[in-house]
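If you want the building blocks of each chain, they are given just below.
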Amino acid sequence: MSTWFTHDIVEAGRLPLFAFFVGLIVGFVCIRISVRLIRAKVRWWFGNVKPGGLHVHHMVFGVVLCLGSAVGLMATFTTATQTTAAVLSGVFGLGAALILDEFALILYLRDVYWQEEGRTSVDAVFTAVAVTGLLLLGLRPLDLVDIAGFRDSPERAAQILFGVISLGTAAIVLLKGKIWTGLIGLFFFPLLLIGAIRLSRPGAPWARWRYETDSRRMLRALRRERRLRRPLIRVKIGVQDLMAGRPDLLPNLREDAEKELDRTVVPAPAPPRRPRSMARRLTISRNRRRSGTINRLPGLRAARVYPAAERPARQEYEPVEPPRQ
């Protein structure tokens, strides 16, 4: 292992790329552990960064790390040693992991981290790790790293033409919905040819443009999708759920309910009233009579009982004898 690292990584000048690869994986694993703990509301783990109530996404810290390390690499490009370049590349890998972990937020322009669309971020990280790993193995995509001198060298011109053809074939494969085939095919051209010849996926742009709804090719594509792609998709979703957590089924309703609970103050329940005894009721009624008030009854106006000193005098009328006939 040490011999391979010394010969294929250090002596081959791939130490900065290896540091970027390690920083990318470590950054993704650490940030996913952090957000899983925050989602579980673990008390001993710090929560989201919210200065003044503003939620600062970890993508912001990734942009700062990438910008700082990139400027450092450019400033010390001619004088930096391989160790310095490796350290700056590792920091760049950490920042790239923080940015790619919220790639879905950049793509959809809304916070879909724990929703179904948030799986796009995991796909972006897997793609970056796969491409970086292939570069570490010594594979060069399309052999287009150096295009100088193509006019004087026919071999170089042929390589550039082959690279252009490979890019066009990769574009066709991507339009057919075969993302991984197109990306890995940039390193293995025969894989691009296989992807370009085979049928498109039913929901891809190529199928919408070229296949009729009830055509034979569309039916074959649907059968192939059901037989081959669905088991692979289930395995992929299982790995994503294991690493990134399951998305919320009803995220909007959950967020609205949490906000409503934060705004609502639930009053304390009133203590139960004890039933009054008959003696207590008579005492309360007697006291109210003495004070001159009577309870208001539903649907009736309140009456007033005057004390004896304030009662109006009763008018006396003399009896009138009936007329005699």
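Reading the values: rules and limits
- Counting starts from 1 at the beginning of each chain's written sequence and moves along it residue by residue.
- Where local features are concerned, this predicted model is filtered to residues with pLDDT of at least 70; where side-chain atom pairs are given and counted, the filter is 80 or more; whole-chain, interface and lining totals use all residues.
- Heavy atoms from the whole structure form the basis of all side-chain values; hydrogens and water molecules are not counted.
- Where helices and strands are cited, they refer to DSSP runs of H or I of at least four residues and of E of at least two residues respectively, numbered from the N terminus.
- Residue contacts follow a heavy-atom distance rule, with two residues in contact if any of their heavy atoms lie within 4.5 Å.
- Two kinds of site are reported from a 1 Å grid over the protein atoms alone, namely cavities, where a 1.4 Å probe fits but cannot get out, and pockets, open sets with protein on both sides within 12 Å along at least five of seven lines, and residues are called lining when an atom falls within 4 Å of a point.
- Grid points are joined across faces, edges and corners, and a volume is the space filled by probe spheres set on the points.
- When residues are grouped by polarity, Ala, Val, Leu, Ile, Met, Phe, Trp, Tyr, Cys and Pro land in nonpolar, Asp, Glu, Lys and Arg in charged, and all others, Gly among them, in polar.
- Salt-bridge detection follows one rule: a side-chain nitrogen of Lys or Arg within 4 Å of a carboxyl oxygen of Asp or Glu.
- Note on classification: 1.4 Å probe, protein chains only; a residue is buried when its accessible area is under 20% of the maximum for its type, exposed when over 50%, partly exposed between these limits.
- For Phe, Tyr and Trp, where Trp contributes only its six-membered ring, two rings pair if their centres lie within 6.5 Å, and the inter-plane angle classes them as stacked under 30 degrees, edge-to-face over 60, or tilted in between.
- Any Lys NZ or Arg CZ that is within 6 Å of a ring centre and within 35 degrees of that ring's normal is treated as a charge sitting over the ring.

Enquirer: Teacher, can you tell me more about the environment of K178 here?
Expert: With respect to the element layout, K178 can be found in the loop between α7 (154–175) and α8 (179–185). Residues K178 and L192, spaced 14 residues apart in sequence, show a C-alpha to C-alpha distance of 10.0 Å. Setting aside residues no more than four positions away along its own chain, K178 makes contact with V173, G195, R198 and L199.

Enquirer: For this particular structure, what's the right way to read the layout of surface pockets?
Expert: Gaps left between atoms show up when a probe the size of a water molecule is rolled over them. Taken as a whole, the second largest pocket holds about 880 Å³ of empty space. G177, I179, W180, R201 and R229 are the residues nearest the centre of the second largest pocket, which is lined by 30 residues in total. Mapped onto the lining of the second largest pocket, the elements with two or more residues apiece are α6 (119–136), α8, α9 (189–197) and α11 (216–244). For the lining of the second largest pocket, a count of residues per class yields 12 nonpolar, 7 polar and 11 charged.

Enquirer: Please clarify how the pattern of salt bridges should be interpreted in this entry.
Expert: Opposite charge on two side chains permits them to pair, given that their charged atoms come into close proximity. Within the structure shown, the criterion is met by 2 salt bridges. One salt bridge in this structure joins D101 and R32, with 2.8 Å as the shortest N-O distance. Here D101, found in the loop between α4 (82–100) and α5 (103–108), pairs with R32, found in helix α2 (residues 15–39); they are 69 residues apart in sequence, far enough to count as distant. Classification of R32 by relative accessible area gives buried; the value is 4%. For E225, the salt bridge goes to R201, with nearest N and O atoms at 2.7 Å. Placement of E225 in helix α11 and of R201 in the loop between α9 and α10 (205–210) is noted, with a sequence separation of 24 residues between them. Taking the relative accessible area as the measure of exposure, E225 reaches 15% and is therefore buried.

Enquirer: Would you explain the packing of aromatic side chains in this entry?
Expert: Throughout the structure, instances matching the rule amount to 4 aromatic pairs. On the basis of an interplanar angle of 85° and a centroid distance of 5.9 Å, the ring pair of W44 and W45 is categorised as edge-to-face. Taking 5.1 Å as the distance between ring centres and 85° as the angle between the ring planes, the aromatic pair formed by Y113 and W114 counts as edge-to-face. An identical accessibility class is assigned to Y113 and W114; each is buried. Following the ring pairs from residue to residue traces out a cluster consisting of W44, W45 and F46. Its guanidinium or amino end placed over the ring of W114, R39 lies 4.1 Å from that ring's centre, counting from NZ or CZ.

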